[in-house]
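Here's the letter readout for the chains.
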Amino acid sequence: MLLENKSVIITGASRGIGAAAALECARQGANVVIGYSGSESSRPLVKDLIAEIESLGRKAVEVGAPAGDPDTGDKLVKAAVDAFGGVDVFVNNAGICPFHSFLDMPRETYLETVNTNLNGAYFAVQAAANRMKDQGRGGAIIAVSSISALVGGGMQTHYTPTKAGLLSLMQSCAIALGPYGIRCNAVLPGTIETDINKEDLADQEKRDYMIGRTPLGRLGRPEDMGGPIVFLASDMAQYVTGASLLVDGGMFVNLQ
Ligand code: NAP
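Summarised in this report is the structure supplied together with it.

Conventions used here
- Residues numbered from 1 in each chain as written.
- Predicted model: local features only at pLDDT ≥ 70, side-chain atom pairs only at ≥ 80, totals over all residues.
- Heavy atoms only, no water.
- Phe/Tyr/Trp six-rings, centres within 6.5 Å; stacked < 30°, edge-to-face > 60°.
- Buried < 20%, exposed > 50% of the residue type's maximum accessible area, 1.4 Å probe, protein only.
- Near = heavy atom within 4 Å.
- Polar contact = N/O pair within 3.5 Å; in protein donor to acceptor, adjacent residues only side chain to side chain.
- Areas by Shrake-Rupley, 256 points an atom, 1.4 Å probe, with all protein chains shown as cover.
- Nonpolar A, V, L, I, M, F, W, Y, C, P; charged D, E, K, R; others polar.
- Helix = DSSP H or I, 4+ residues; strand = E, 2+ residues; numbered from the N terminus.
- Pairing = 2+ DSSP bridges.
- Right-handed = clockwise from strand over helix to strand, strands pointing away.
- Core = buried A, V, L, I, M, F, W, Y, C linked by side-chain atoms within 4.5 Å.
- Disulfide = S-S within 2.5 Å.

Observations regarding the packing of aromatic side chains
Move 1: One pass over the structure, following the stated rule, counts one aromatic pair.
Move 2: For the pair tyrosine 122 and phenylalanine 123, a centre-to-centre distance of 5.6 Å together with 80° between the ring planes defines the contact as edge-to-face.
Move 3: Residue classification places phenylalanine 123 among the partly exposed positions, given a relative accessible area of 34%.

What follows is the structure in structure tokens.
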């Protein structure tokens, strides 16, 4: 019960890493605001997730709103305040990675990726931080960045700068928000099997290569992210801020 009665907001929680993190937070005693895009196709997933959280004896509410909209953070915070009385933890996880080559990158793809992954995160973190400051009891903010914040990707030239940006945002916010007891950290997943990389990993050769690069000998599962996110959200990490935690099965350090 590391997060007993905490109010947690997680963006991009309809599926993948966000959904796994939402469930783990609930298992640890938190009530959760489930952020997602609001798409029709994801609504049933959100309903199922809410039911699963409720079956654990916790509460969950949903907010369907585009991550890139600067007002979305305010909506997420309002939902948490209305349903659970405040915000203790904000996890910025929503993100897209439409793999594309650099020389012919469509401008819309670049702009949408930066807007969804980074611009929206900036305003959402700001909204959550203001609420936490007003509450006066500190808080924890976690950005789901990526191993791609540290290394490049030829088909991800639009994506990797957003992940480096999120890491940098957490470092700067750790300084800006430390005086209010608000801790800001980043998790850097390696390759976690979700919808975001389904097509990429359908290529067996690529898949085998990625597994071969990973000392722990397998790709990541969304559940692998739950523990690290809960840890950074909890008082177990009470003196951890401005930090980044690779969760990659050792992929980053495996140069040869
Ligand atoms: P995923 O399964 O595709 O889930 C993406 C989530 O983001 C969904 O909940 C989706 O909501 C939400 N989302 C996407 N566009 C949105 C928008 N415009 N507005 C609001 N919500 C939006 O991907 P994932 O792998 O779990 O990725 C989660 C985060 O982890 C991303 O930031 C990604 O960059 C990061 N990450 C993933 C990996 C990996 O290997 N999987 C590695 C490093 C970092 P809808 O269902 O409504 O579309």
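Quick look at the site of the ligand
Move 1: Near the ligand lie 31 residues; those nearest to it are Ser14, Ser37, Ser42, Tyr159 and Thr194.
Move 2: For the ligand, an oxygen atom lies 2.6 Å from a polar atom in the side chain of serine 14.
Move 3: In this structure, an oxygen atom belonging to the ligand sits 3.1 Å away from a side-chain N or O atom of asparagine 197.
Move 4: Starting from 890 Å² of accessible surface for the ligand in isolation, the protein chains cover 93%.
Move 5: Taken together, the residues of the shell around the ligand sort by class into 13 nonpolar, 15 polar and three charged.

Concerning the pairing of strand 1 (residues 7-10)
Move 1: Burial along strand 1 is two-sided: the residues Ser7 and Ile9 and Val8 and Ile10 are all buried.
Move 2: Examined bridge by bridge, strand 1 and strand 2 (residues 31-36) share four bridges and lie parallel to one another. Looking at the pairing, isoleucine 10 lines up with isoleucine 34 of strand 2.
Move 3: Each parallel crossover has a hand, and the one from strand 1 via helix 1 (residues 16-27) to strand 2 is right-handed.
Move 4: Summarising the sheet, strand 1 and strand 4 (residues 89-92) pair through three bridges and their orientation is parallel. When the sheet's bridge partners are listed, isoleucine 9 is paired in strand 4 with phenylalanine 90.

What about the nonpolar core?
Move 1: Residues Ile10, Ile34, Ile53 and Ile229 are the most contacted members of the largest nonpolar core, which totals 34 residues.
Move 2: If you look at the next biggest cluster of nonpolar residues, it comprises 32 residues, including Ile9, Ala79, Ala129 and Leu188.

Examining the state of the cysteines
Move 1: One pass over the full model with this rule turns up zero disulfides.
Move 2: Distance from the sulfur of cysteine 25, which forms no disulfide, to the nearest cysteine sulfur (cysteine 184) is 16 Å.
Move 3: Among the residues examined, cysteine 25 registers a relative accessible area of 0% and is labelled buried.

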